[in-house]
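# Secondary and tertiary structure notes
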Amino acid sequence: MDTAAAEWTATDDTPGYRPPRRRLGTWCAGLLLAGVSVVVAFRTADSDGLTPVPQLLAFLPWLLAPTGLALLLSLRSRWWLGTAWGVVLLGLLAWFIEPYGKTGDPVGRPVAELRVLTSNVEFGQATGGLVATVRREKPDVVFVQECDYGCDAKLKDDLSRDYPHRRAVEGGGSEGSVILSRFPLRPTAGVTATMGMPGAIADVDGHAVRLQLAHPMPPLPAQVGLWKRELSALRAAATADRDTPLVLAGDFNASQDHAAFRRILGTGLYDAARLDDAARAATWPAWTAATFGTQIDHVLVSKDFAADRTRILNLSDTDHRAVVTDLTLYEGRP
């Protein structure tokens, strides 16, 4: 008998046999799906976890790319378990990427209006662009983060006539922060943190409005614990005086996909962008297309406000986009 003819050779059609190219595709798909699953599991569990989870959560929409690639590899490798796994992950990502909801329509009586702008000027580099933007947009209150000594001096020189009231934490580099206001301000303690987070109470047409600037540390690998503590401090500040309307604005270094940020929203605050039905627009990093960044700059307001015409603005010489929104203060909102 011819032994070569009798030799058995496995083929693609042999049950249970997976050619090398399919095995490679299966392994690659499995690794991609496992990595994405870790991040999605923490998002589902309402937890920020440990490094690198907080950093990856900031870019949750980007995880659609590796998940889609894994799904394609699973289909080509005929790995049906991986295909189902990928479909489930895509569904969860789509669910979480949907912007958080708005409140109902305003009720009560409108009593005042104010325009708010927040901008991180990146170590003061974008101060000139901010001044031009403020003069064009004419906000009533301006929250400025990373306003170094030079930035602070320029804002005094260029804007003090239109914004005679201010609260500032002076500092170099990223530590300085300023609140500028057309309305009279009464100082509050603000929030003690690594970078300046001043606070004030504004007299808005005879109505007291709390203003609090937000700028916690970013979730760098060695500083995740500090980032969580400083976001918790902002959460505590949000609940310190529930009887006074609140505007909490700035660079939160956190997006809607971070549990620590959602806990701030859980105090009864709302993102002005969502009250205005604005899309999930990225504010950082500014050098990317808006669809490829993350929204970490926010204007959060208490239930006393409605929002309109929320816009994301480009400024030169900073890695952040600015946020401007028109707020209406209501009296008697439940």
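Scroll up to find the structure this text is about.
Residues numbered from 1 in each chain as written. Predicted model: local features only at pLDDT ≥ 70, side-chain atom pairs only at ≥ 80, totals over all residues. Heavy atoms only, no water.

Turning our attention to the overall build of the chain. When you go through the chain residue by residue, the secondary structure sums to 10 helices and 12 strands. Along the three orthogonal principal directions, the C-alpha set of the chain runs to about 105 × 45 × 35 Å. In the chain, which comprises 334 residues, the share counted as buried stands at 51%. Considering only contacts within the chain whose residues lie at least 6 apart along the sequence, 67% involve residues at least 24 apart. (Helix = DSSP H or I, 4+ residues; strand = E, 2+ residues; numbered from the N terminus. Buried < 20%, exposed > 50% of the residue type's maximum accessible area, 1.4 Å probe, protein only. Contact = heavy atoms within 4.5 Å.)

Right, let's talk about the pattern of salt bridges for a bit. As enumerated under the stated definition, the model contains 12 salt bridges in all. Among the ionic pairs, Asp152 bridges to Lys156, the shortest N-O distance being 3.6 Å. With a gap of four residues between them, Asp152 and Lys156 both fall in helix α7 (residues 149-159), about one helical turn apart. Its relative accessible area of 36% is what places Lys156 among the partly exposed residues. Classification of Asp152 by relative accessible area gives buried; the value is 6%. Taken together, the salt bridges that share partners define one network made up of Asp152, Lys156, Arg166 and Glu170. (Salt bridge = Lys/Arg side-chain N within 4 Å of Asp/Glu carboxyl O.)

Mapped onto the elements, Gln223 comes out in the loop between β7 (207-214) and α8 (224-238). Since its relative accessible area comes to 24%, Gln223 is described here as partly exposed. The spacing of Gln223 and His298 is 75 residues in sequence and 21 Å in space, taken between C-alpha atoms. Filtering out sequence-adjacent residues up to four positions away, Gln223 remains in contact with Met217 and Pro218.

Once that is clear, we can look at the sheet that holds strand β1 (residues 109-120). The sheet built from six strands is open, its strands ordered β3-β4-β2-β1-β12-β11 with mixed pairing. Each edge of the sheet is formed by a strand with only one pairing partner; in this case those strands are β3 (165-169) and β11 (305-313). Strand-to-strand twist across the sheet, computed as the mean angle between neighbouring axes with direction ignored, equals 15°. Together, β2 (141-145), β3 and β4 (177-181) form the strand contacts of α7, whose direction differs from that of β3 by roughly 175°. (Pairing = 2+ DSSP bridges. Axes fitted to C-alpha atoms, helices over the stretch in contact; angles between N-to-C directions.)

The residue Thr26 is located in helix α2 (residues 20-44) in this model. The class for Thr26 is buried, based on a relative accessible area of 15%. Expressed as a C-alpha distance, the spacing of Thr26 and Asp251, which sit 225 residues apart in the sequence, is 41 Å.

Bringing a positive patch on the surface into the picture now. Taken together, the side chains of Lys228, Arg235, Arg242 and Arg263 define a basic patch exposed on the protein surface. The topology assignment puts Arg263 in helix α9 (residues 259-265). The exposure class assigned to Arg263 is partly exposed, which follows from its relative accessible area of 41%. (Patch = residues over 30% accessible without salt bridge, like charges linked within 9 Å, V, L, I, M, F, W, Y side chains within 5 Å. Areas by Shrake-Rupley, 256 points an atom, 1.4 Å probe, with all protein chains shown as cover. Lys, Arg positive; Asp, Glu negative; His and termini not counted. Charge placed at Lys NZ, Arg CZ, Asp CG, Glu CD.)

Relative to each other, α2 and helix α5 (residues 80-97) sit at 35°, their axes nearing to 10 Å. Our pair here, α2 against α5, has a crossing hand that is left-handed. In this structure, α2 uses Gly30, Leu33, Ala34, Val36, Ser37, Val40, Arg43 and Thr44 to contact α5, whose residues at the interface are Gly82, Trp85, Gly86, Leu89, Leu92, Leu93 and Phe96. (Left-handed = near helix turned anticlockwise from the far one by under 90°.)

Strands sit in the order β5-β6-β7-β8-β10-β9 across an open sheet of six strands; the sheet is mixed. For this open sheet the edge positions go to β5 (185-187) and β9 (270-271), each flanked by a neighbour on one side alone. Strand direction decides the pairing type here: β7 and strand β8 (residues 246-251), joined by five bridges, are parallel. Note on β8: the bridge partner recorded for Arg210 is Leu246. Strands in contact with α8 are β7 and β8; relative to β7, the strand with the most contacts, it is inclined by about 175°.

Attention shifts here to the side chain of Arg43. Checked against the element boundaries, Arg43 lands in helix α2. Taking the relative accessible area as the measure of exposure, Arg43 reaches 10% and is therefore buried. A distance of 3.2 Å separates the side chain of Arg43 from the side chain of Asp257, its partner in a polar contact. (Polar contact = N/O pair within 3.5 Å; in protein donor to acceptor, adjacent residues only side chain to side chain.)

This part is about the pairing of β4. For β4, a buried count of five out of five residues is recorded, marking the element as mostly surrounded by other parts of the structure. Along β4, one buried face is formed by Ser177, Ile179 and Ser181 and the opposite face, lined by Val178 and Leu180, is buried too. Note that β2 and β4 share five bridges and pair antiparallel. Bridge pairing links Val142 to Leu180 in β4. The pairing of β3 with β4 spans five bridges and is classified as antiparallel. Paired with His165 across the strands is Ser181, a residue of β4.

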